[in-house]
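These are the residues of each chain, in order.
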Amino acid sequence: MIKEEKDKSLQGYHATNSGGVQGLRNRSQPRLGGWLLVLVAVLLTLIIVPKGGLIPGYYAPGDIATRDIKSPRDLLAEDIPLTQAKRDEAENAAPVIYALDTTSGTQAIERIRQGLGLLLEHQNDIESLKAKDFLLQLQADFGVPLTTEEFQPLLNLSLDQDIAALIENLLTPVFNQPIVANLQTFAADRDRGLVVVERSSGKELEPQRFAQTVGLNDALLQAKSQLALIPGITSIQQQTLLKLVQQQLRPNLNFDQQKTEQGRLDARAQIAPVLFQVKKGEMVVREGERVSADQILKLQAIRTSGRDTRNIQTAIGLLICSLLLIYVSFYFAQHNISKFRPDSRDLLFLASVFLSLFILIKISIFIAAGMGNNFAYIDSSAYFYAIPFALGAMLVRIVLNSETAFLFAVCGAVLVGILFGNSLLMTLYVLIGSLVGAHGVRYCQKRTTLYRAGVWIGLANMALLIGFHFLTGRNFELQLLWKLGFGFFGGLSSAVIVNGTVPLVESFFKYTTDIKLLELANMNAPILRQLMIEAPGTYHHSILVGNLAEAAAEAIHANPLLTRVAAYYHDIGKIKKPLYFIENSGGQRNKHDKLAPSMSALILTSHVKDGVELAREHKLGAELIDIIQQHQGTTLIKFFYDRAKSQADPEMQQVDERDYRYHGPKPQTREAALILLADAVEAASRTLSDPTPARIQGMVQKLINNIFIDGQLNECDLTLKDLNSIAKSFNRILSGSFHHRVEYPEPVHIVREKVDNVEKAPGKEKVKVKRANPDRKSSAPIQDSEATVAEDSPEDLKRLGIS
């Protein structure tokens, strides 16, 4: 049976500690932290990059305005129709571009000369003229196909060197002059304005050169008249030569569509947008009016100006900066700040608060823009100072610690500055307000602490706004008063929102804040009332431990509230077997007298596991559960260990000391260590027969030394200086608890009556009068010698089970 109970207890211990030495706290998950970092950075980018305001969109002239709209800032708006008209005008006025091919005429004359030269070379060779190869060669030289009817007249042409040269000289002026395909179109383009460039070099040519430009038909007529000047030529031969010229003649001055279109685009691009000015505070449209086209342009300009034309590159840049800012801050804090040890739950909480804060800020910006339009006499930027920027840092400080709140405030302030157009002043405003708020709620043990912190934030905001106003070189004006009012309101609103949000955070993330601790400190809590009824001795012991531990926590600057509340609940596991603990026996026979030492040790150690289960059942929170689990550490139950050794058979297996130790873990925090020390000291103080200050001091010092030597304080942050301060606070509290009272004498007339009655009694001896109050001790001098401590304390400590 003992073995089964022991296995069950160990099984419960392992189940309780499955979350690591931090009890129910989640283990740190690096992967989860990385994913949360990326998610937060991406969502912040999506929140910060888009900008805009609550300016309604009117899609057509004639729509009815639903409210007055004023311009929130000075801006220049583009007159899109007028800009379009000017650009169309510039495009139409762009010159037409023609390209002159200076080599085409020379190439055509060269082909005619080669063909005539071939005829002249074979003129006397009748056989070769009739050969088919000659016809092909002639077609290749002229560059045109020839039929039999056209070929025969060329064979009969009377050619010599002079005739060939004459034909070349007559046709050269015709081919080298500017020739266009359509002379009328060219004339129209020339009247409109044109530019002629050389096709090969792109060099612009003088326009006077093209005053005598001819059309293709005119050039052909000129060639015909020139051919008529050849002596001895027949009409058939003239027609054949004219056909050759017609097939060689091409326009050398052509319209360049590509360059013309490019020129028109360049002319259009050179026209700057036509802008009109809209002054800050200018009434753009009034409620109930029909919206005109010009007013629609102004409204669109206001909407566009609020968006900050950002693109994908800006979003990528912001994403990179956000990732680096959060990651480097987290990495630095994790490796350089001892109190910065967030687990998965903490990271999820920080990410949720960060994103929620920026969503709230974004919504507030839209609301501020709408308020600025409705109340035009107030600068729209003044509403921004009413945003509760400090609530994020306040929440983090209440739930976690000041180091994490500082890191949160710095990162949040930088990103808010980016949100407000890279404003350094807004960054400073958010940072100082957040730090003041976090400092104001560092010991939030009352609801009024939140509102006091809100007032301090408001005052800090007002001081900053005055500094900003004069820093920018502005004189005193009415707008400054509005800003001061909104700044103070921003501080108060932060406190109000935090006050309503803290219970939600406690419920959703299962945190135990100072406000939650105040609720748990109520002695009418169900579990404490049950402890008071079923285990009254343990209940009284817990209250005294709370007094000792709270005083010690104040001495070493730990968390006094957490320490006191944890002391109230540290022994709730004794509810299940209250009579097995001596403080609840009520003078009855000790139940451990009939039990084996191993069973007694098992019952004593099980109260830790039972306490953790009850704490989970009543949802006391991870911090209290951790302290309940750690408040005994791995200390040795020496009384039953010594009894087991004395009862053990020397020839059998030796008693294992581990079976008589608590399962731990050892205290991980200073608060848990204080509970362990106060628990031992309070219990030991009950064994002192004459609790003089010297005896109390010796007992406290010996207990702390034994616990320290046993290694129970190795895993917490207590220093030797802290232990000295703890011992002093224990001595002061215990000396006050075990103080001596002066015996108060009875009134004189009562004493006289008693004396007279005794004297008048006949036949009886004088009787010594008793003291008026036999329960009071006499005011005898108190002996504070260390010898008394040395004489009595070892025996008393041995009864407690501590050597």
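Note that this is a predicted model, so its numbers are computed, not measured.

Summing up its helical and strand segments, the protein has 32 helices and nine strands in all. In the protein, once contacts between residues fewer than 6 apart in sequence are set aside, the share between residues at least 24 apart is 80%. Summed over all atoms, the accessible surface of the protein reaches about 42,700 Å², with 56% contributed by carbon and sulfur.

Before going further, it helps to examine the confidence of the model for the protein. Residue-level pLDDT values for the protein average 78, and 78% of them are 70 or greater. Residue range residues 1-27 is modelled with pLDDT below 50. Its contacts to residues more than four positions away, or to other chains, number 47 contacts. Below pLDDT 50 for its whole length, residues 764-803 participates in 56 contacts with residues either more than four positions away or in separate chains.

To continue, consider the packing of helix H3 (residues 80-93) against helix H12 (residues 257-269). Helix packing geometry: the angle between the two helix axes and the distance between the axes. At a closest axis distance of 8 Å, the pairing of H3 and H12 adopts a crossing angle of 145 degrees. As H3 runs across H12, the sense of the crossing is right-handed. On the side of H3, the interface is formed by Gln84, Arg87, Asp88, Ala90 and Glu91, while H12 contributes Arg264, Ala267 and Arg268. Within the contact of H3 with H12, the residues separate by chemical class into two nonpolar, one polar and five charged.

This part covers the environment of Arg643. By the element assignment, Arg643 lies in helix H27 (residues 638-647). On the accessibility criterion, Arg643 (21% relative accessible area) is partly exposed. Remark: the alpha-carbon pair of Arg643 and Ser598, spanning 45 residues in sequence, is separated by 9.6 Å. Beyond its immediate chain neighbours, meaning those up to four positions away, Arg643 contacts His592, Asp593 and Pro597.

In the structure shown here, the tally under the stated rule is 18 aromatic pairs. Aromatic pair Tyr98 and Phe255: ring centres 5.9 Å apart, planes at 65 degrees, arrangement edge-to-face. Within this pair, whereas Tyr98 is found in strand E3 (residues 96-100), its partner Phe255 is found in strand E7 (residues 253-255), the two being separated by 157 residues in sequence. Judged by relative accessible area, which is 5%, Tyr98 ranks as buried. Ring geometry for Tyr383 versus Phe486: centroids 5.0 Å apart, planes at 40 degrees, classification tilted. Placement of the pair is Tyr383 in the loop between helix H15 (344-374) and helix H16 (391-399) and Phe486 in helix H20 (residues 478-509), with a sequence separation of 103 residues. Here Phe486 falls in the buried class, since its relative accessible area comes to 17%. These aromatic residues form a ring-pair network of at least three members: Phe384, Tyr385, Phe389, Phe420 and Tyr429. Above the ring of Tyr580, the side-chain terminus of Lys591 is found at 5.9 Å from the ring centroid.

This brings us to helix H29 (residues 693-709). The end-to-end C-alpha separation of H29 is 24 Å, in line with the 24 Å expected for 17 residues at 1.5 Å each. Taken from the residues just after H29, Gly711 is the one with a positive phi, measuring 80 degrees.

Moving on: the pattern of salt bridges. Tallied over the entire structure, the rule returns 15 salt bridges. For Asp610, the salt bridge goes to Lys609, with nearest N and O atoms at 3.5 Å. Lys609 shares its class with Asp610; the two are buried. Residue Lys609 is joined to Glu613 by a salt bridge in which the shortest nitrogen-to-oxygen separation is 3.6 Å.

Another point: the environment of Lys510. Counting through the fold element by element, Lys510 comes out in the loop between H20 and helix H21 (514-520). As for Lys510 and Gly621, which are separated by 111 residues in sequence, their C-alpha atoms are 6.3 Å apart. Sequence-distant contacts of Lys510, that is, excluding residues within four places in its chain, are made with Arg345, Val505 and Ala622.

This brings us to the pairing of strand E5 (residues 194-198). Of all five residues in E5, five are buried; the element is thus mostly enclosed. Neither face of E5 is exposed, since Leu194, Val196 and Glu198 on one face and Val195 and Val197 on the opposite face are all buried. Both E3 and E5 contribute to a ladder of five bridges, which runs parallel. Bridged to Val96 within E5 is Leu194.

Our next topic: the pairing of strand E2 (residues 75-78). What you see with E2 is a clean split: Leu75 and Ala77 sit on the buried side and Leu76 and Glu78 on the side with no burial. Strand direction decides the pairing type here: E2 and strand E8 (residues 275-278), joined by four bridges, are antiparallel. Residue pairing for E8: Leu75 is matched across the bridge by Val278.

This brings us to the environment of Ala413. On the secondary structure map, Ala413 appears in helix H17 (residues 402-419). In this structure Ala413 comes out as buried when scored by relative accessible area, which is 1%. Ala413 sits 24 residues away from Phe389 along the chain, and the two C-alpha atoms are 8.6 Å apart. Setting aside residues no more than four positions away along its own chain, Ala413 makes contact with Thr427, Val430 and Leu431.

This part is about the sheet that holds E5. Spatially, three strands are ordered E5-E3-E7 in an open sheet, and the strand pairing comes out mixed. Of all the strands in the sheet, just E5 and E7 have a single pairing partner and so form its edges. The sheet shows a mean angle of 30 degrees between the axes of neighbouring strands, direction not considered. Where helix H9 (residues 183-192) meets the sheet, it contacts E3, E5 and E7, and its direction lies at approximately 125 degrees from that of E3. Where H12 meets the sheet, its contacts fall on E3, E5 and E7, and the angle it forms with E3 comes to roughly 150 degrees.

A few words now on the packing of helix H22 (residues 526-534) against helix H23 (residues 536-556). Packing of H22 against H23 leaves a shortest axis separation of 5 Å and a crossing angle of 125 degrees. Our classification of the angle between H22 and H23 gives oblique. Residues Leu528, Leu531, Met532, Ile533 and Glu534 of H22 touch H23, and the partners they reach there are Pro536, Thr538, Tyr539 and Ser542. When grouped by side-chain class, the residues that make up the contact of H22 with H23 number six nonpolar, two polar and one charged.

With that out of the way, let us pick up unusual backbone geometry. Cis peptide bonds are those with omega within 30 degrees of zero, and the linkage from Gly664 to Pro665 qualifies with 10 degrees. Among the secondary structure elements, Pro665 is positioned in the loop between H27 and helix H28 (670-685). For Lys510, which is not a glycine, the phi torsion comes out positive at approximately 60 degrees. Look at Lys619: it is not a glycine, yet its phi comes out positive at around 55 degrees.

Quick look at the nonpolar core now. Residues Phe349, Phe358, Ile361, Phe389, Phe420 and Tyr429 are the most contacted members of the largest nonpolar core, which totals 68 residues. For this core, the secondary-structure elements that each account for two or more residues are helix H2 (30-48), helix H14 (312-336), H15, H16, H17, helix H18 (424-440), helix H19 (447-471) and H20. Residues in contact with Phe349, not counting those within four places in the same chain, are Leu395, Val396, Val399, Leu400, Val505, Phe509 and Tyr511. Judged by nonpolar contacts, the second largest core, of 58 residues, contains Val545, Leu548, Ala567 and Phe730.

Side chains of Ile359, Ile363, Ile367, Met371, Phe375, Tyr377, Phe476, Leu478, Leu481 and Trp482 sit close together on the surface and give an oily, nonpolar patch of about 990 Å² of accessible area. Those elements that provide at least two residues to the nonpolar patch are H15 and H20. Looking at the nonpolar patch element by element, the count peaks at four residues for H15. The topology assignment puts Leu478 in helix H20.

The rules we used
Within each chain, residues carry numbers counting from 1 in the order of the written sequence. Residue-level local features of this predicted model are given only where pLDDT is at least 70; pairs of side-chain atoms are given and counted only at 80 or more, and the full residue set underlies all totals for whole chains, interfaces and linings. To get the side-chain values, all heavy atoms of the structure are used, and hydrogens and water are removed first. Each helix is a run of DSSP H or I of at least 4 residues and each strand a run of E of at least 2, with the numbering of both proceeding from the N terminus. Contacts were defined at the residue level, with two residues in contact if any of their heavy atoms lie within 4.5 Å. To measure how exposed things are, a 1.4 Å probe is used in the Shrake-Rupley method; for residues, cover is taken only from the protein chains shown. Per-residue confidence from the predictor is reported as pLDDT, which spans 0 to 100. Lines fitted to the C-alpha atoms define the axes, with helices restricted to the stretch that makes contact. Angles between their N-to-C directions range from 0 to 180 degrees. Crossing handedness is read from the near helix: turned anticlockwise from the far helix by less than a right angle, it gives a left-handed crossing, and turned clockwise, a right-handed one. Residues are sorted three ways: Asp, Glu, Lys and Arg are charged, Ala, Val, Leu, Ile, Met, Phe, Trp, Tyr, Cys and Pro are nonpolar, and all the rest, Gly among them, are polar. With a 1.4 Å probe rolled over the protein chains alone, any residue whose accessible area is under 20% of its type maximum counts as buried; one over 50% counts as exposed, and the rest are partly exposed. Each Phe, Tyr or Trp ring (for Trp, its six-membered ring) is paired with any other whose centre lies within 6.5 Å, and the angle between the two planes then decides the class: stacked below 30 degrees, edge-to-face above 60, tilted in between. Cation placement over rings: the criterion is NZ of Lys or CZ of Arg within 6 Å of the ring centroid and within 35° of the ring normal. Helix span, as expected, comes to 1.5 Å for every residue beyond the first. Counted as salt bridges are all cases of a side-chain nitrogen of Lys or Arg within 4 Å of a carboxyl oxygen of Asp or Glu. By definition, two strands form a pair when at least two bridges between them are found by DSSP. Note that the term roughly parallel is reserved for angles under 35 degrees, roughly antiparallel for angles over 145, roughly perpendicular for angles of 65 to 115, and oblique for everything else. Among buried residues, the Ala, Val, Leu, Ile, Met, Phe, Trp, Tyr and Cys ones that are joined through side-chain atoms within 4.5 Å form a nonpolar core. In this analysis, a patch consists of residues with relative accessible area above 30% that form no salt bridge, clustered at 9 Å for like charges and at 5 Å for the nonpolar side chains Val, Leu, Ile, Met, Phe, Trp and Tyr.

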